[in-house]
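Residue strings, one per chain:
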Amino acid sequence: MKRRIAAIGAVLALAAVMALGGVMMVADGQAQERTQEWNKGVVVPMTGAMERPEPVETNANGLAIFWLNEDMSEMCYMAYVANLTDVNQGHIHAVEGENQTGPPVVWLFPEGSTQPMVKSGETDGLLVMGTFTEEDFVGPLEGMTMADLVDMMEDQTVYVNFHTEAHPMGEIRGEFNVLNQSCDSMERTMREAMGGSS
């Protein structure tokens, strides 16, 4: 439990730094309007209970944070997890139906690869930090733009999923339904995702 709380504390601290940095500043009119919603990043709590079509019973949980660079050409991200064992891949997936899974559209783990790689043992803390561009899009998103991905995030038609050896279809999952959070609301969100733990 102490390790889990420490991991959560670390990611909340990093999220606060990103929020204060205003990391999504974009110049042109339409992008600038979007930036006002994204200027504190997108926070995605992940739990086994969020897995579909059936929840997964697990002690693992996590938090993924996404933010854009200045010209909206590159998405940066980091994922912190707790009690996640033998993770082998992580993605942004498209939603194909209510309470369903869908194909990957961006590989998050391993960073810079589209092939699974087992990180042996339990991970408590930073799992991956990286970036991706439109050239990294796969599946139904291939050939589309970063703006298309942002639209899907805002429309909640994509989700984040991390897979393990024990749960090849995914052990922890999170939805893109938390935008522009303050530090206090990020902490509340994560604690609610953990079932009210303090």
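Described below are features of the structure shown in this document. All values derive from a computational prediction rather than experimental measurement.

Parameters at a glance
- Residues numbered from 1 in each chain as written.
- Predicted model: local features only at pLDDT ≥ 70, side-chain atom pairs only at ≥ 80, totals over all residues.
- Heavy atoms only, no water.
- Helix = DSSP H or I, 4+ residues; strand = E, 2+ residues; numbered from the N terminus.
- Buried < 20%, exposed > 50% of the residue type's maximum accessible area, 1.4 Å probe, protein only.
- Contact = heavy atoms within 4.5 Å.
- Areas by Shrake-Rupley, 256 points an atom, 1.4 Å probe, with all protein chains shown as cover.
- Polar contact = N/O pair within 3.5 Å; in protein donor to acceptor, adjacent residues only side chain to side chain.

What about the overall build of the chain?
So, point 1. Within the chain, the secondary structure is distributed over 4 helices and 7 strands.
So, point 2. Taken across its 198 residues, the chain has 48% of its residues classed as buried.
So, point 3. Of all intrachain contacts in the chain linking residues separated by at least 6 positions in sequence, the fraction that spans at least 24 positions is 65%.
So, point 4. Only carbon and sulfur atoms are counted for the fraction: they give 49% of the accessible area of the chain, which is about 9,300 Å².

Thoughts on the side chain of His163
So, point 1. As for its position among the elements, His163 is in strand S6 (residues 158-164).
So, point 2. In this structure the side chain of His163 is engaged in a polar contact, spanning 2.9 Å, whose partner is the backbone oxygen of Pro168.
So, point 3. With residues near it in sequence (within four places) discarded, His163 still touches Val87, Asn88, Gln89, Gly90, His91, His93, Pro168, Met169, Gly170 and Glu171.

Comments concerning unusual backbone geometry
So, point 1. Cis rather than trans, the peptide bond between Arg52 and Pro53 has omega equal to 10°.
So, point 2. Mapped onto the elements of the fold, Pro53 is located in the loop between strand S1 (42-47) and strand S2 (61-68).
So, point 3. Residues Phe109 and Pro110 are joined by a peptide bond in cis, for which omega reads -5°.
So, point 4. Locating Pro110 in the fold gives a position in the loop between strand S4 (104-109) and strand S5 (119-133).
So, point 5. With a phi angle near 55°, Asp86 is a residue other than glycine that sits in the positive phi range.

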